[in-house]
Structures are given as structure tokens and as C-alpha cells.
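A look at the structure
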Amino acid sequence: MTTIYDVARRSGVSPATVSRVLSGRRNVDPELSEKVRAAVAELRYRPNGVARNLRKASTNLWAVVISDIENPFFTSLVRGLEDVAQTEGYHVVLCNSDEDPAKEAAYASAVLTEQMAGVVISPTSTADGVQVLAEAKTPMVLIDRRVEGVEADSVLVDNEHGATEGVRHLIEGGYRRIACITGPRRVSTAMDRLAGYRAALRGGGIRYDKDLVRHADFREAGGFAAMESLLELGEPPEALFAANNLMTVGALECLAKRGLRAPDDIAVVGFDDIPWADLVVPSLTTVAQPTYELGRTAGLLLKDRIASPGRPPSTVTLRTELHIRSTSAPKP
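Residues numbered from 1 in each chain as written. Predicted model: local features only at pLDDT ≥ 70, side-chain atom pairs only at ≥ 80, totals over all residues. Heavy atoms only, no water.

As annotated in an unreviewed UniProt entry, the protein carries the name LacI family transcriptional regulator and is attributed to Kribbella caucasensis.

Notes on the overall build of the protein
Selection rule: Numbered from the N terminus, helices here are DSSP runs of H or I no shorter than four residues, and strands are runs of E no shorter than two. Residue exposure (1.4 Å probe, protein chains only): buried if accessible area is under 20% of the type maximum, exposed if over 50%, otherwise partly exposed. Every residue pair with non-hydrogen atoms within 4.5 Å of one another is taken to be in contact. Per-residue accessibility takes into account occlusion by the displayed protein chains alone, with areas from the Shrake-Rupley method and a 1.4 Å probe.
Helix and strand counts for the protein come out as 12 helices and 12 strands. Its C-alpha atoms give the protein principal-axis dimensions of about 80 × 40 × 30 Å. Looking at the protein residue by residue over its 332 residues, the buried ones come to 49%. Across the protein, contacts joining residues at least 24 apart in sequence account for 70% of those joining residues at least 6 apart. Summed over all atoms, the accessible surface of the protein reaches about 15700 Å², with 50% contributed by carbon and sulfur.

Quick look at the sheet that holds strand E11 (residues 315–318)
Stated formally: The criterion for strand pairing is that DSSP finds at least two bridges linking the strands in question. An axis is simply a line fitted to the C-alpha atoms; with a helix, the fit covers only the stretch in contact. Between two such axes, the angle follows the N-to-C directions and lies from 0 to 180 degrees.
Overall, parallel pairing links the six strands, which are arranged E2-E1-E3-E4-E5-E11 in an open sheet. Only two strands of the sheet have a single neighbouring strand rather than two, namely strand E2 (91–96) and E11. The sheet shows a mean angle of 15 degrees between the axes of neighbouring strands, direction not considered. The pairing of strand E1 (residues 61–66) with E2 spans six bridges and is classified as parallel. In the strand pairing of E2, Ala-63 is matched with Val-93. Sitting on the sheet, helix H5 (residues 73–87) is in contact with E1, E2, strand E3 (118–121) and strand E4 (140–143), with an inclination near 170 degrees to E1.

Points about helix H7 (residues 128–135)
Threshold: The arc in question is the one traced by the directions running from the helix axis out to the C-beta atoms.
Along H7, the residues that are buried comprise Gly-129, Val-130 and Leu-133. Buried residues of H7, seen end-on, are gathered within an arc of 100 degrees and therefore sit on one face of the element. Those residues of H7 that are buried lie in contact with helix H6 (101–113), E3 and E4. Directly beyond the C-terminal end of H7, a positive phi value near 60 degrees is found at Lys-137.

Considering the sheet that holds strand E7 (residues 213–215)
Spatially, six strands are ordered E7-E6-E8-E9-E10-E12 in an open sheet, and the strand pairing comes out mixed. Strands at the two margins of the open sheet, each flanked by one partner only, are E7 and strand E12 (321–323). Neighbouring strand axes in the sheet, compared pairwise and without regard to direction, differ in orientation by 15 degrees on average. Strands in contact with helix H8 (residues 159–172) are strand E6 (178–182), strand E8 (239–242), strand E9 (267–271), strand E10 (285–288) and E12; relative to E9, the strand with the most contacts, it is inclined by about 170 degrees. Its contacts with the sheet place helix H9 (residues 188–203) against E6, E7, E8 and E9, and it is angled at close to 170 degrees to E6.

Side note on the nonpolar core
Our working rule: Residues grouped as a nonpolar core are buried Ala, Val, Leu, Ile, Met, Phe, Trp, Tyr and Cys residues, joined through side-chain atoms within 4.5 Å.
Within the largest apolar cluster, 46 residues are counted, with the highest numbers of intra-cluster contacts made by Val-167, Ile-178, Ile-181, Tyr-197, Met-227, Leu-240 and Phe-241. Of all the secondary structure elements, the ones that give two or more residues to this core are H8, E6, H9, helix H10 (220–231), E8, helix H11 (245–257) and E9. Counting 22 residues, the second largest nonpolar core, distinct from the first, contains Trp-62, Phe-73, Leu-81 and Ala-117.

Here's the deal with the pattern of salt bridges
Which entries qualify depends on this criterion: Here, a salt bridge means any Lys or Arg side-chain nitrogen found within 4 Å of an Asp or Glu carboxyl oxygen.
This structure, assessed with the given rule, holds 20 salt bridges. Arg-145 is the partner of Asp-144 in a salt bridge, and the nearest nitrogen-oxygen pair spans 3.7 Å. Pair check on accessibility: Asp-144 and Arg-145 agree, each one buried. The structure contains a network of salt bridges with shared partners spanning Asp-68, Asp-98 and Arg-219.

Some words on the layout of surface pockets
Rolling a probe over the atoms, with the probe sized like a water molecule, indicates the empty space that remains. As a reminder of what qualifies: For each structure, a 1 Å grid was placed over the protein atoms alone; sets of points admitting a 1.4 Å probe that cannot get out are labelled cavities, open sets with protein on both sides within 12 Å along at least five of seven lines are labelled pockets, and lining residues have an atom within 4 Å of a point. Grid points are joined across faces, edges and corners, and a volume is the space filled by probe spheres set on the points. Residues are grouped as follows: Ala, Val, Leu, Ile, Met, Phe, Trp, Tyr, Cys and Pro are nonpolar; Asp, Glu, Lys and Arg are charged; all remaining types, including Gly, are polar.
In this model, the second largest pocket occupies a volume close to 240 Å³. What lines the second largest pocket is Ala-134, Lys-137, Thr-138, Pro-139, Met-140, Glu-151, Ala-152, Asp-153, Arg-305, Pro-309, Arg-311 and Pro-313. For the lining of the second largest pocket, a count of residues per class yields six nonpolar, one polar and five charged.

Structural notes on the packing of aromatic side chains
Put simply, the rule is: Centre distance within 6.5 Å is the pairing criterion for rings of Phe, Tyr and Trp, where only the six-membered ring of Trp is used; planes under 30 degrees apart are then read as stacked, over 60 as edge-to-face, and the remainder as tilted.
Applying the stated rule across the entire model yields four aromatic pairs. With 4.7 Å between their ring centres and 25 degrees between their planes, Trp-62 and Tyr-90 make a pair best called stacked. With Trp-62 in strand E1 and Tyr-90 in the loop between H5 and E2, this residue pair connects regions lying 28 residues apart in the sequence. What makes Tyr-90 buried here is its relative accessible area of 17%. Taking the centre distance of 6.4 Å and the plane angle of 80 degrees together, the rings of Phe-241 and Phe-271 count as edge-to-face. Within this pair, whereas Phe-241 is found in strand E8, its partner Phe-271 is found in strand E9, the two being separated by 30 residues in sequence. This pair shows no difference in class: Phe-241 is buried, exactly as Phe-271 is.

A word on the packing of helix H1 (residues 4–11) against helix H3 (residues 30–43)
Definition in use: Any angle from 65 to 115 degrees is called roughly perpendicular, while one under 35 is roughly parallel, one over 145 is roughly antiparallel, and all others are oblique. Crossing chirality is assigned from the near helix's rotation relative to the far helix, an anticlockwise turn below a right angle marking it left-handed and a clockwise turn marking it right-handed.
As a packed pair, H1 and H3 sit with axes 9 Å apart at the nearest point and diverge in direction by 120 degrees. One finds that H1 runs oblique with respect to H3. Between H1 and H3 lies a crossing whose hand is right-handed. Only Lys-35, Val-36, Ala-39, Val-40, Glu-42 and Leu-43 of H3 make contact with H1, whose side of the interface consists of Asp-6, Val-7, Arg-10 and Ser-11. Looking at the contact of H1 with H3 residue by residue, the class counts come to five nonpolar, one polar and four charged.

Written as C-alpha cells, this is what we have:
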């Protein structure tokens with residue numbers, strides 16, 4: 001088996017220089033770095049990850065545990081995180097908890113077993129895995145959702161403000177009977193967005209009606225079922241605020257199945273932008289989150305946490321942006 005010493009001899013540098021090049025350090029002369037990489041390719045050298053991890057007591061891997069791999073919200077977020085990881089000499093392992101606390105806990109256990117350097121995690125409703133990682137003092141950054149009782153770095157968006165802005169836009173368009181489809185009661189983002197919905201109603205002088213609120217599962221099927229339930233009311237809503245992108249899609253599918261159309265039959269605003277929101281007819285009004293920046297900021301916080309484990313936890317809250325399109329056109 002080719003060793004780091006063989007690469008050093010072939011490239012004419014010390015083993016320490018080879019190690020610095022392979023670990024992504026920037027304090028190596030570019031010409032020497034090129035010689036090392038050429039020797040690595042020629043000799044087909046592969047670093048012994050097991051031995052390196054035993055020496056370092058951790059790997060150069062970051063785990064990112066997302067709650068739903070089918071949700072396009074996470075695509076740009078993971079890209080932002082990966083860009084930071086690559087710059088800092090880490091690799092990213094993608095894990096999907098599927099909103100399942102048992103899967104989240106299993107991934108947390110794997111992170112500890114494999115001695116990963118750190119974790120960025122979007123917690124499930126019970127946050128079982130977050131508790132495991134916190135107890136083990138693993139470098140960790142929470143994204144998208146808070147967890148009560150856990151002190152950790154967090155990157156969030158101003159969910160309440162974003163929801164308030166989206167619902168206020170509907171009120172300004174002349175809509176009064178506005179429904180809300182939000183997520184599970186135990187998930188902070190769901191309750192923050194519901195709070196924003198209620199705040200907008202108060203600001204517009206509209207009485208809160210619990211019959212117009214549905215708690216679903218942040219999935220398409222949940223949005224479909226919730227919309228179906230709202231349409232069965234004696235007096236259906238004239239507008240809808242859906243608290244995430246997949247539930248918005250499910251609600252729109254339900255409307256299409258019923259032969260209804262936004263905004264003619266019911267105006268729609270969804271939380272989270274969707275890549276094709278501008279392309280569909282009618283185009284979809286959304287409250288957009290800065291997803292790439294969420295991931296990038298989480299990566300920077302994790303890098304700093306690994307470098308300074310004892311510093312106090314910090315929370316970064318990013319702002320949303322309302323993208324007004326056709327589905328929320330003013331009431332005739």
C-alpha cells in the first residue's frame with residue numbers, strides 16, 4: 001500500500017507538507033502543492049482515514065441532518081453549507097431524518113460512532129437526536145427550528161415577521177376570510193408562522209377564527225387534506241396562507257382537483273419560495289427565505305464552534321422577503 005512517505009519522496013517534499021496539502025491547508029507554496037497532487041495521482045495514494053481519525057479523535061466530516069430530503073428548501077441550504085465546508089477542508093455527509101425522531105436519533109448515534117467533526121441539524125418535533133448530540137458536547141448548529149432547553153448555535157429566519165407580511169398583503173388586497181395551514185404544534189417554525197398570521201389579522205382588525213386554521217405535517221399530502229377540510233366549511237375561505245412550500249403545493253393540487261383556481265376562487269400565499277413559482281400560471285406569491293445564506297451562515301458558525309468550543313452560543317436570525325405574484329391578486 002502506498003504511504004504518505006512514498007508521496008513525499010516522489011514529490012521531493014516532507015511528509016508534513018504532504019499532510020498539509022491533503023488536509024486543504026492554504027499555507028503551502030502553490031508549486032509544491034501541485035507537485036504533491038501530481039505524486040498523489042501518479043501513485044494512486046489514498047489517505048488512511050481510520051488511522052488519521054484515531055490520531056485526531058475526529059474526522060474531517062460534517063453531518064447535515066435535514067428533516068425532509070424531498071423539500072426543495074434544503075437544496076440551496078445544503079449548497080451554502082457545503083461551500084463553507086469545502087473551503088475549510090471538510091466534507092459533508094447528507095442525512096435525511098424524514099421528520100422521524102427515531103431516524104434523527106439513529107443519525108446522531110452514527111455521528112458519535114464515526115467521530116464526525118460537527119453537525120448541522122434541522123430538528124424533528126421531539127428533537128431526540130439533538131438531545132443526544134448536546135449531551136455528548138458535539139459541535140452543533142441548529143437550522144430552521146429552535147429546541148427549548150438546548151443551548152446551541154442557531155440559524156433561523158424571522159418566521160413571524162415573514163408570515164405577518166404575507167397575510168398583511170392578502171388583507172391589503174381586500175381579503176378578510178383568510179385561512180392558515182401550518183405545521184405540527186411541537187415545531188417552532190409552525191407556531192411562529194401561526195403567530196405571524198394572527199398578528200396580521202389583529203393589525204387588520206379581523207377576528208381570529210380557529211375554524212380557519214389547520215395543523216398539518218409540512219408535506220404535500222398534509223396540505224391537500226387540510227385544504228380539502230377548509231373547502232368543506234359552510235363558508236369556505238376566500239384566501240389562504242400556507243406555512244411551507246410543500247403544503248402550498250398540496251393545497252394547490254386540491255384546488256385544481258376541485259376545479260378551483262387561484263386567485264379567482266381563492267387567493268394563495270405560500271411560505272418558502274419554489275424554483276418554479278415564476279413559471280406556473282398563475283405565478284405563485286411566496287414568502288422567500290434566504291436558503292443559501294442559511295446554510296452558509298450555519299457552516300461559518302460550525303467552523304467557529306469547532307475552533308472555539310467554549311464560546312457562548314449565538315443565534316443568527318435572517319429576514320424573509322415577500323415575492324408578490326399572481327395568486328394573491330387583489331380581490332375584485
